[in-house]
Amino acid sequence: MALVAAGGLIAAAVLRTVGTTAEYLAVSTTVEVGSVVDRSDLSTVRITVDPALKPIRASAADQVIGRFAAVALVPGTLLTQAQLTDTAVPDQGQQLVGLSLPQERLPAERVKPGAEVLLIVTTDDRTVSNQQQTAAPMSIKATVVDVRAGAKEGITLLNVAVAERDGPLVASRAAAGRIVVALTTGD
């Protein structure tokens, strides 16, 4: 009888240690930053979750579908609220502009999604006289949406959200190799 009681106590202790499993949402396909999350992008997994993690329960799937990815969602990862946003990227009144930049046009510190940056439009030395070169360059506020390694070594691809009025200027200057990125502290 004492063995049965001891076995029961051990079983109860193991059950408390292991915890209970529940169903949570996982990412099943790649979802780019700013894309709408669809039902087909998600799967359900049954796991025991560490208390430090905050994944979204499968029963909340209807509250997730139709929201936007705040970061790139990678297949096989658990979905959390921090990865989602209700705001479209780019937001209304903004344009999303892609920049292909060599390392020397970026800060040494790694630029991350969400970072507030200044896009410095450099002058074209061939068309500026020596007297005008002392003028302050033009700067445009932007928010980094996505950062990726370029196809060529030393090139970084940056998607930035800028005011709609600045989109064409940023795109044309970037195509001419006349954009330098500076990190700001943000407001």
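Counting restarts for each chain, with residues numbered from 1 along the sequence as it is written. Restriction of local features to residues with pLDDT of at least 70 applies here, the model being predicted, together with a cutoff of 80 or more for giving and counting side-chain atom pairs; totals for whole chains, interfaces and linings are based on all residues. Processing note: side-chain calculations cover all non-hydrogen atoms of the structure and skip hydrogens and water entirely.

Mind laying out the overall build of the protein chain, listing which residues take part and the relevant values?
Each helix is a run of H or I in the DSSP string that is no shorter than four residues. Each strand is a run of E no shorter than two, and both are numbered from the N terminus. Within the protein chain, the secondary structure is distributed over three helices and nine strands. Counting from the amino terminus, helix and strand elements in the protein chain follow one another as α-β-β-α-β-β-β-β-β-β-α-β. Put simply, the protein chain has 187 residues, and 29% of those count as buried. Restricting the contact set of the protein chain to residue pairs at least 6 apart, pairs at least 24 apart contribute 65%. Using a 1.4 Å probe, the Shrake-Rupley method yields the accessible areas, and only the shown protein chains count as cover for residues. As presented, the protein chain carries roughly 11800 Å² of accessible surface, and 55% of it is formed by carbon and sulfur atoms. Between buried and exposed lies partly exposed: a residue is buried under 20% and exposed over 50% of the maximum accessible area for its type, with that area taken using a 1.4 Å probe on protein chains only. In this analysis, two residues are considered to be in contact whenever any of their non-hydrogen atoms come within 4.5 Å of each other.

How would you summarise the sheet that holds strand β8 (residues 155-163) if you had to cite specific residues and measurements?
Think of it this way: DSSP has to see at least two bridges between two strands before they count as a pair. Within the open sheet, the five strands sit side by side as β5-β8-β7-β6-β9. Their pairing is antiparallel. Looking at strand neighbours, the two that pair on one side only are β5 (94-102) and β9 (179-183), the edges of this open sheet. Adjacent strand axes in the sheet meet at a mean angle of 40 degrees, parallel and antiparallel pairs treated alike. For helices, the fitted line uses only the C-alpha atoms of the stretch in contact; every axis is such a line through C-alpha atoms, and the angle between N-to-C directions lies from 0 to 180 degrees. Along the sheet, helix α3 (residues 167-175) contacts β5, β6 (116-121), β7 (138-149), β8 and β9; its crossing angle with β5, the most-contacted strand, is approximately 15 degrees.

Run through the nonpolar core, naming residues and quoting values.
L99, V117, L119, L158 and V160 are the most contacted members of the largest nonpolar core, which has 19 residues in total. For this core, the secondary structure elements donating two or more residues are β5, β6, β7, β8, α3 and β9. Aside from chain neighbours lying at most four places away, what touches L99 is L119, T156, L157, L158, V160, V170, A174 and I179. Only buried residues count toward a nonpolar core. Its members are Ala, Val, Leu, Ile, Met, Phe, Trp, Tyr and Cys residues joined through side-chain atoms within 4.5 Å. Formed by 14 residues, the second largest nonpolar core is a distinct cluster that contains V37, A60, L79 and L84.

So what about the side chain of Q83? Which residues, and what values?
By the element assignment, Q83 lies in the loop between β3 (68-69) and β4 (84-85). The exposure class assigned to Q83 is buried, which follows from its relative accessible area of 16%. Beyond its immediate sequence surroundings of up to four residues, Q83 is in contact with F68, A69, A70, V71, L73 and L78.

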